[in-house]
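So you can see what is in the structure, the chains are spelled out below.
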2 protein chains.
Amino acid sequence: MIATQNRQLFDKLGIFAMNIISSPGSGKTSLLEALAGILKEHLVVIEGDVQTRRDAERIEKTGCRAYQIETNGGCHLDAESVAHALKDLKLEQNPCKIVAIENVGNLVCPSSFDLGEHMKVALLSLPEGDDKILKYPSIFRRIGVLLITKMDLVPHMDFDVDRVVQECASLNENFETFKVSSKTGEYINEFCDFLMKQCSALNTDRRS
Amino acid sequence: MIATQNRQLFDKLGIFAMNIISSPGSGKTSLLEALAGILKEHLVVIEGDVQTRRDAERIEKTGCRAYQIETNGGCHLDAESVAHALKDLKLEQNPCKIVAIENVGNLVCPSSFDLGEHMKVALLSLPEGDDKILKYPSIFRRIGVLLITKMDLVPHMDFDVDRVVQECASLNENFETFKVSSKTGEYINEFCDFLMKQCSALNTDRRS
């Protein structure tokens with residue numbers, strides 16, 4: 001399995017890898033720009049898009065390493081394209097602590113494909129509405145983190161955060177929630193701390 | 001082809017059918033609630049969702065007829081499930097002028113499946129960002145209408161409407177744009193007029 005080989009590479013290098021999944025426009029790339037500002041050289045981003053290099057270019061502008069995969073119509077990333085990216089990124093020679101794989105904007109198809117990540121992270125933005133968890137259960141059942149994004153829009157939105165967290169808990173016994181705004185920076189530091197702890201835990205497990 | 005049979009049924013009954021496609025949370029159901037308030041018994045809605053009857057229930061509350069298709073994991077509607085819906089709706093005995101088929105929230109997969117509609121209509125909401133057209137070209141190449149939604153959020157968003165329309169025009173020579181807000185009603189009447197004209201044109205074609 002190529003996904004398993006990807007995960008073995010991450011484990012060998014002590015890198016925590018997350019697969020970031022959401023609808024188009026939930027703020028995946030904005031989140032990664034915010035994370036890049038804090039994690040700097042510790043973060044490497046693999047961008048998945050149907051078409052264009054727009055997202056990788058945005059990440060590169062922060063000074064962070066980024067690699068663009070264009071699926072050319074494909075509705076999700078697969079482990080093989082990530083394996084190619086990892087080969088080109090030469091992480092053995094250019095180490096990092098976190099690899100963030102931004103999947104194609106799609107709340108349905110990416111949920112069932114293992115890329116070799118340690119954790120799936122889903123974003124749900126306030127403007128998408130608080131009814132989405134049970135309408136798209138496949139992804140929310142599999143996540144380790146739920147990021148409720150665009151929290152700066154709270155005054156303009158009718159969005160029940162508690163409902164969302166409760167509905168997610170009805171599907172999934174083991175996930176953390178962060179209510180973030182990439183615009184104001186709200187809870188971005190806390191999410192970075194969480195990611196660095198995941199990386200430390202991975203390295204502790206490896207040594208023990 | 002089942003899609004062709006669906007279209008033949010719409011043509012026979014003089015019903016204009018549209019296939020509504022967007023990301024999750026772009027405001028498809030809110031738009032249909034607003035249309036239902038104006039078009040009333042002239043509108044019938046077929047709702048597609050991965051899971052839950054939530055959207056059909058919202059439409060039914062307006063007094064409008066609605067039929068829910070649950071794809072149970074499927075990332076798009078297909079012509080066969082729409083044919084089943086049409087059979088159950090008995091449109092011969094219960095006529096209408098417009099059938100709106102709300103596809104699964106997904107900007108990638110639904111674009112390549114013909115359901116038997118006369119026109120594909122895509123929604124792009126302000127919070128999704130103005131960079132989406134060239135990132136998801138497959139759908140924007142095929143639409144007859146681009147609805148820019150949640151226009152009430154203009155003061156809070158950095159969204160270049162002209163860029164979106166220009167990028168869409170670079171892919172597609174024949175589409176209309178409506179800048180709407182289902183919340184304030186902005187340009188909803190104009191879009192209803194457009195739909196009723198499509199229906200009239202269909203019936204003129206049929207008689208001539």
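Located above this text is the structure these notes cover.
Residues numbered from 1 in each chain as written. Chains lettered and ligands numbered in written order. Predicted model: local features only at pLDDT ≥ 70, side-chain atom pairs only at ≥ 80, totals over all residues. Heavy atoms only, no water.

Caption draft 1: The arrangement of the side chain of Thr52(A) in detail. Within the fold, Thr52(A) resides in the loop between β2 (43-49) and α3 (54-60). Among the polar contacts listed, one links the side chain of Thr52(A) to the backbone nitrogen of Arg54(A), at a separation of 3.4 Å. Filtering out sequence-adjacent residues up to four positions away, Thr52(A) remains in contact with Gln68(A), Glu70(A), Leu134(B) and Lys135(B). (Helix = DSSP H or I, 4+ residues; strand = E, 2+ residues; numbered from the N terminus. Polar contact = N/O pair within 3.5 Å; in protein donor to acceptor, adjacent residues only side chain to side chain. Contact = heavy atoms within 4.5 Å.)

Caption draft 2: Up close: the nonpolar core. Residues Phe140(A), Leu146(A), Phe140(B) and Leu146(B) are the most contacted members of the largest nonpolar core, which totals 50 residues. Sequence-distant contacts of Leu146(A), defined by excluding residues within four places in its chain, comprise Ala122(A), Leu124(A), Phe140(A), Val164(A), Cys168(A), Phe175(A), Glu176(A), Thr177(A) and Phe178(A). (Core = buried A, V, L, I, M, F, W, Y, C linked by side-chain atoms within 4.5 Å. Buried < 20%, exposed > 50% of the residue type's maximum accessible area, 1.4 Å probe, protein only.)

Caption draft 3: Focus on the interface of chain B and chain A. Contact residues are listed per partner, giving 34 residues for chain B and 34 residues for chain A. When chain B packs against chain A, close to 2600 Å² is buried across both sides, 54% of that on carbon and sulfur atoms. Looking at the side of chain B facing chain A, the largest losses of area belong to Pro24(B), Arg54(B) and Lys135(B), adding up to 26% of the total buried there. At the surface where chain B touches chain A, the tally comes to six salt bridges. (Buried area = accessible area lost by both parts, 1.4 Å probe. Salt bridge = Lys/Arg side-chain N within 4 Å of Asp/Glu carboxyl O.)

Caption draft 4: Spatial organisation of the pairing of strand β7 (residues 176-179) of chain A. Residues and elements named next belong to chain A. The pairing of strand β6 (residues 145-149) with β7 spans four bridges and is classified as parallel. When the bridges of β7 are listed, Leu147 appears paired with Phe178. In terms of handedness, the path from β6 via helix α7 (residues 161-169) over to β7 forms a crossover that is right-handed. (Pairing = 2+ DSSP bridges. Right-handed = clockwise from strand over helix to strand, strands pointing away.)

Caption draft 5: Here's a closer look at the sheet that holds strand β6 (residues 145-149) of chain B. Residues and elements named next belong to chain B. Ordered by their spatial adjacency, seven strands build an open sheet running β3-β2-β4-β1-β5-β6-β7, and the pairing between neighbours is parallel. Here the strands that pair on one side only, and so sit at the sheet edges, are β3 (65-70) and β7 (176-179). With direction set aside, neighbouring strand axes in the sheet form an average angle of 20 degrees. Across the sheet, helix α2 (residues 28-39) is in contact with β1 (16-21), β2 (43-49), β4 (98-102), β5 (119-125) and β6; its angle to β2 comes to roughly 165 degrees. Along the sheet face, helix α4 (residues 79-89) touches β2, β3 and β4 and points at about 145 degrees away from the line of β3. (Axes fitted to C-alpha atoms, helices over the stretch in contact; angles between N-to-C directions.)

Caption draft 6: Focus on the packing of aromatic side chains. All names here are of chain A. If you walk through the whole model with that rule in mind, you get six aromatic pairs over all chains. Pairing Phe178 with Phe194 gives two aromatic rings, centres 5.4 Å apart and planes at 65 degrees, and the pair type is edge-to-face. With a gap of 16 residues between them, Phe178 in strand β7 and Phe194 in helix α8 (residues 188-207) connect regions that are remote in the sequence. (Phe/Tyr/Trp six-rings, centres within 6.5 Å; stacked < 30°, edge-to-face > 60°.)

Caption draft 7: Molecular detail of the relation of the copies chain B and chain A. When chain B is fitted to chain A, the best match, at an RMSD of 0.0 Å, comes from turning it 180 degrees and sliding it 0.0 Å along the axis. The superposition operator between the copies reduces to a two-fold rotation axis. Comparing contact sets, 100% of the residues at the interface of chain B also lie at the interface in chain A, consistent with an isologous, same-surface contact. (Least-squares fit on C-alpha atoms with pLDDT ≥ 70 in both.)

Caption draft 8: Quick look at the pattern of salt bridges. The full count for this structure, using the stated rule, is 24 salt bridges over all chains. The salt bridge involving Lys135(A) is made with Asp49(B); its shortest N-O contact spans 3.7 Å. Of this pair, Lys135(A) sits in helix α5 (residues 132-135) while Asp49(B) sits in strand β2, on two different chains. For Lys135(A), a relative accessible area of 4% puts it in the buried group. The closest approach of N and O atoms between Lys132(B) and Asp131(B), which form a salt bridge, is 2.6 Å. The residues Lys132(B) and Asp131(B) share a single accessibility class, namely buried. Taken together, the salt bridges that share partners define one network made up of Asp49(A), Asp55(A), Asp131(B), Lys132(B) and Lys135(B).

Caption draft 9: Main features of the state of the cysteines. A full pass over the atoms with the stated rule returns zero disulfides over all chains. The cysteine Cys64(B) is free of any disulfide, with Cys96(B) supplying the nearest cysteine sulfur at 8.7 Å. (Disulfide = S-S within 2.5 Å.)

Caption draft 10: Representation of the environment of Phe191(B) in the model. Relative to the helices and strands, Phe191(B) is located in helix α7 (residues 188-207). Among all residues touching Phe191(B), those that are not within four sequence positions of it are Met18(B), Leu31(B), Leu35(B), Val121(B), Val145(B), Leu147(B) and Phe178(B).

Caption draft 11: Quick look at the sheet that holds β6(A). Residue and element names in this part refer to chain A. Spatially, seven strands are ordered β3-β2-β4-β1-β5-β6-β7 in an open sheet, and the strand pairing comes out parallel. The strands lining the two open edges of the sheet, one partner per strand, are β3 (65-70) and β7. Mean inter-strand twist for the sheet, computed between neighbouring axes without regard to direction, equals 20 degrees. Strand direction decides the pairing type here: strand β5 (residues 119-125) and β6, joined by five bridges, are parallel. Pairing of Leu123 across the sheet is with Leu147, part of β6. The sheet strands contacting helix α4 (residues 79-89) are β2, β3 and β4 (98-102), and the helix crosses β3 at an angle near 145 degrees.

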